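# Coordinates in review
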Amino acid sequence: MSTRALRRLRGKQRGQEALDLGDLTLGDSLEEQAEGEAEQLDVANVSHPSDKKDSSRKAKKNKAQKNFSNIYELICDVDNEGEKISPDEEAEKPSGNKTSGKEKNDNRDTDKPDQKETSTKSLSGDRVKKKKKKKKTKVTSEDGQKAVPDDNIDLLLENLEQPNGLSLQNEDCGGSDRRSVLHVEHRNLNPETELKRYFGARAVLGDQRPRQRNRQFHRSTWMTSPKDSWPRFSRPGISMTLLQSKDGVQYFTFEHSRDYQQVQFKFLDAVESMDPNNILALLQLNPYHIDSLLQLSDVCRIQEDQEMARDLIERALYSFECAFHPLFSLTAGTSRLDYLRPENRAFYLALYKHMMFLEKRGCPRTALEYCKLILSLDPDSDPLCMLLLIDFLMLRSREYQSLLQLYQDWEEHRNLSQLPNFAFSTALCYFHLSQQEDMDPEESDKQRRKANQMLQNALIMFPGVLMPLLDLCTVQPDVTVTSHAFFGPKSQIGQPPALAELTALYVGRAYNVWREAAVMLWLEESVKEVLLRVDAKDPQVEDSQNKRKQRYQSAPRNIHRHVLLSEIKEATSSLPLEVTTQPLMGFDPLPPLDSVISYTRPERQHVGASNESTLSLFFRSLLPNFNLQGGLRQEDEMEVARAGQELNQEVNRLMVAMRDMLANIRFQEPPREDNPYRDEDEWD
């Protein structure tokens, strides 16, 4: 069967097969093809002198086939590699037969000295050419280190990457069976791919046909597609540079031009004015300024204009993608961006907000891909703490094997079992695997026992999760559970502050995945087993209690940043006062304390007293270092800022005390008479 017929049966088109690197070596030049044709002609002349015409016709046909008119014909069929033989093998296999035939002819030539000299010359020329070909095949085998069959593409790519240092990042061309946990696929970055899987292409796209007239040609991007309603794109002044390459990892950073820096200073002035109209006016002059787009998106989201808020985030991502470095890859997992640089933080925040919009839109698989992308940009420090979210998205998108692989690979060096979200999510993952119908019964029982063990360990380690989880799932617990001291109110009150923050975050985010009836029955069985182990004084219960007291005393800054971005009420209410009292900006929440600043904002000129309002002038006059003629000195400004911060903390503490006092006040109702409308002077 021809290759075209095979291709049609498989549903492929020409030029879409994976590239076979073995066919693109230097040995396939046109000169060697001509030499191979000359060999066939000479051998034909020696062995069968009477068939010259037939051999010449075949040579002409081979020449016609060898002259490719399309460069895509060099792309070989990966599926047909087992059926075809490489040209080097074709040259080596018949070479033994040909040389043996030539030796016989040589013996005959010695017996018959009357034969022509031309045949001997052609034979000697053929031998020289074959020696050259054998040398070339030896060189290629030495470069490959091992002779790899054409059928095994994975070994072929590995052998090519090791000596030559090639790194093929195309996910379509082969690859290892066990991909990296943070592997990102380009097609999964588009939410339409997931929506088409759910509803079909016709329901998603409809009758949309690109209009040929007045069609704008935009740069092809992976994360977002530009819209006709957007302003005309012009480079805003953002560029990306490569800082260094170390151990196969490239470190990049975004840079701002001088014009962009001036726009950034105007943006900071607009933020300090506390007026969104100033940001909108700045965005009209600079439609692709990143921080203005992020800040205005938050304003639109607060005003419940979700469509406009999402559109602004997509515009920011498009501006970033147009500024990518040629070596920056979204899918390789080897590109890094340092969060300590303020220029890079906007890219993190834009990706995070776009991911949250996708999750609310009902595209958890696409949101998971963006979550892995954010984590791959800095997996060591994890500035946005995506490990608190990735398990939830994997459960939503039913990527159970990926979740287990992440837990097994990262448990040793990241201690994922010490996070409440991973402790409960992995147990739930094993339970869902045991419920699959196509699984073997023995394997299903094994997964179920594993799920029971992990859930019981999670409940013993984090008992404060159960009651808030049941409360949000609107499930009334049993009396034996509520009356027991292990799951009672004491388990929630006695939690360390960091653990309370993590527990509230997980419960407020993932309670929906526990609402299924089968999951609740399984949870009820595990809770009963845990109570039996607690009453039996299992040593693991005391060990877990000691671990909770020693750990979780204070949460790192990236966890606070994640809680602020999540906007989960149960978690934000448990934030410490040092986080809630400082000003929070949507374009840069909780910046790192050791930021790497490339350029600084110039000092603003203090406004004279005549331009201030009477009220602000009065409050400034209360300060001991007030000067009517000039502004405050730098030392005085530091003192004022410190005093203002302390005042804010005191006011917050006072407000908390007032709330507690008002909550505990109980008004006593006055005694009622039988007839409250009776007049005192009324007579009987």
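Source: prediction; values computed, not measured.

### Topic: the overall build of the chain
Within the chain, the regular secondary structure consists of 29 helices and three strands. Taken over 684 residues, the chain has a buried fraction of 38%. In the chain, once contacts between residues fewer than 6 apart in sequence are set aside, the share between residues at least 24 apart is 71%. Split by element, the accessible area of the chain, about 43000 Å² in all, is 50% carbon and sulfur.

### Concerning the nonpolar core
Counting residues in each nonpolar core, the largest one holds 123 residues, and the members touching the most others are Phe347, Met355, Trp514 and Leu523. For this core, the element with the highest residue contribution is helix 13 (residues 342-361), accounting for eleven residues. Two domains share this core, each providing at least three of its residues, namely domain 1 (193-201 + 222-383) and domain 2 (385-554). Within the second largest apolar cluster, seven residues are counted, among which are Ala270, Val271, Ile279 and Phe587.

### Topic: the pairing of strand 2 (residues 249-256)
By the criterion of burial, strand 2 is predominantly enclosed, with six of the eight residues buried. With eight bridges connecting them, strand 1 (residues 238-246) and strand 2 associate as antiparallel partners. From the neighbouring strand, serine 245 faces strand 2, where its bridge partner is glutamine 250.

### Some details on helix 7 (residues 191-199)
Those residues of helix 7 that fall on the buried side of the exposure criterion are Pro191, Glu194 and Leu195. In an axial view of helix 7, the angular spread of the buried residues amounts to 100°, which keeps them on one side of the axis. Immediately downstream of helix 7, the backbone of glycine 200 shows phi near 95°, a positive value.

### Thoughts on the packing of aromatic side chains
Here the distance between the centres and the angle between the planes together describe a pair of aromatic rings. Applying the stated criterion across every chain yields a total of 18 aromatic pairs. Here the aromatic rings of phenylalanine 252 and phenylalanine 328 are separated by 5.3 Å at their centres, their planes lie at 85°, and the arrangement is edge-to-face. Of this pair, phenylalanine 252 sits in strand 2 while phenylalanine 328 sits in the loop between helix 12 (306-321) and strand 3 (335-337), placing them 76 residues apart in sequence. Here phenylalanine 252 and phenylalanine 328 have matching classes, each one buried. A ring pair is formed by phenylalanine 324 and phenylalanine 328, whose centres lie 4.7 Å apart and whose planes are at 50°; its orientation type is tilted. Aromatic rings pair up to connect Phe252, Phe254, Phe320, Phe324, Phe328 and Phe347 into one cluster. The ring of tyrosine 339 is capped by arginine 345, whose NZ or CZ atom sits 5.8 Å from the centre of that ring.

### Notes on the environment of tyrosine 260
Relative to the elements of secondary structure, tyrosine 260 occurs in helix 9 (residues 258-272). In this structure the C-alpha to C-alpha distance between tyrosine 260 and histidine 289, which are 29 residues apart in sequence, comes to 8.1 Å. The residues touching tyrosine 260, leaving out its near neighbours within four places in the chain, are Pro236, Gly237, Ile238, His289, Ile290 and Asp291. Reaching out from tyrosine 260, the side chain makes a polar contact with the backbone nitrogen of isoleucine 290 at a distance of 3.2 Å.

### Describing the environment of leucine 470
Relative to the elements of secondary structure, leucine 470 occurs in helix 19 (residues 466-472). Each C-alpha atom, one on leucine 470 and one on arginine 515, is 9.0 Å from the other, the two residues being 45 residues apart in sequence. Excluding residues that lie within four positions of it along the chain, leucine 470 makes contacts with Val475, Pro477, Met520 and Leu523.

### Description of the packing of helix 9 against helix 11 (residues 290-302)
Their axes nearest at 9 Å, the elements helix 9 and helix 11 cross at an angle of 30°. Accordingly, the angle class assigned to the pair helix 9 and helix 11 is roughly parallel. Contacts between helix 9 and helix 11 pair Tyr260, Gln264 and Phe267 from the former with Ile290, Asp291, Ser292 and Gln295 from the latter. Across the contact of helix 9 with helix 11, the residue classes tally to three nonpolar, three polar and one charged.

### Let's talk about the packing of helix 16 (residues 400-414) against helix 17 (residues 420-434)
At a minimum axis distance of 10 Å, the contact between helix 16 and helix 17 shows a crossing angle of 135°. Judged by the inter-axis angle, helix 16 sits oblique to helix 17. Handedness of the crossing formed by helix 16 with helix 17: left-handed. On the side of helix 16, the interface is formed by Tyr400, Gln401, Leu403, Leu404, Leu406, Tyr407 and Gln408, while helix 17 contributes Phe422, Ser425, Thr426, Cys429, Tyr430, His432 and Leu433. Of the residues that constitute the contact of helix 16 with helix 17, the class distribution is nine nonpolar, five polar and no charged.

### Let's talk about a negative patch on the surface
A grouping of Asp440, Glu442, Glu443 and Asp445 is seen on the molecular surface, where their side chains present a negatively charged patch. Along the chain, aspartate 440 falls in the loop between helix 17 and helix 18 (441-461).

### Quick look at the environment of glycine 508
Among the secondary structure elements, glycine 508 is positioned in helix 22 (residues 497-510). Along the sequence, glycine 508 and glutamate 570 sit 62 residues apart, while their C-alpha atoms lie 6.2 Å from each other. Ignoring any residue separated from it by four or fewer positions in sequence, one finds glycine 508 in contact with Leu472, Ile568 and Glu570.

### What to know about the sheet that holds strand 1
Spatially, three strands are ordered 1-2-3 in an open sheet, and the strand pairing comes out mixed. The open sheet is flanked by strand 1 and strand 3, the only strands paired with a single partner. Sheet twist, expressed as the average angle between the axes of neighbouring strands with direction ignored, equals 35°. Taken together, the three bridges between strand 2 and strand 3 define a ladder with parallel strand orientation. Within strand 3, the residue paired with phenylalanine 252 across the bridge is leucine 337. Sitting on the sheet, helix 13 is in contact with strand 2 and strand 3, with an inclination near 100° to strand 2.

### Describing the confidence of the model for the chain
Scored by pLDDT, the chain has a mean of 74; 60% of the residues are at 70 or more. Here residues 18-32 is a poorly scored stretch, pLDDT under 50, and it has 23 contacts once near neighbours within four places are set aside; other chains count. Between residues 606-610, whose pLDDT stays under 50, and residues either more than four places distant or in other chains, the model counts six contacts.

Each value, and the rule that gives it
- Residues numbered from 1 in each chain as written.
- Predicted model: local features only at pLDDT ≥ 70, side-chain atom pairs only at ≥ 80, totals over all residues.
- Heavy atoms only, no water.
- Helix = DSSP H or I, 4+ residues; strand = E, 2+ residues; numbered from the N terminus.
- Buried < 20%, exposed > 50% of the residue type's maximum accessible area, 1.4 Å probe, protein only.
- Contact = heavy atoms within 4.5 Å.
- Areas by Shrake-Rupley, 256 points an atom, 1.4 Å probe, with all protein chains shown as cover.
- Core = buried A, V, L, I, M, F, W, Y, C linked by side-chain atoms within 4.5 Å.
- Domains from an automatic or database assignment.
- Pairing = 2+ DSSP bridges.
- Arc of directions from axis to C-beta.
- Phe/Tyr/Trp six-rings, centres within 6.5 Å; stacked < 30°, edge-to-face > 60°.
- Lys NZ or Arg CZ within 6 Å of the ring centre and 35° of its normal.
- Polar contact = N/O pair within 3.5 Å; in protein donor to acceptor, adjacent residues only side chain to side chain.
- Axes fitted to C-alpha atoms, helices over the stretch in contact; angles between N-to-C directions.
- Parallel < 35°, antiparallel > 145°, perpendicular 65-115°, else oblique.
- Nonpolar A, V, L, I, M, F, W, Y, C, P; charged D, E, K, R; others polar.
- Left-handed = near helix turned anticlockwise from the far one by under 90°.
- Patch = residues over 30% accessible without salt bridge, like charges linked within 9 Å, V, L, I, M, F, W, Y side chains within 5 Å.
- Salt bridge = Lys/Arg side-chain N within 4 Å of Asp/Glu carboxyl O.
- Lys, Arg positive; Asp, Glu negative; His and termini not counted.
- Charge placed at Lys NZ, Arg CZ, Asp CG, Glu CD.
- pLDDT = per-residue confidence, 0-100.

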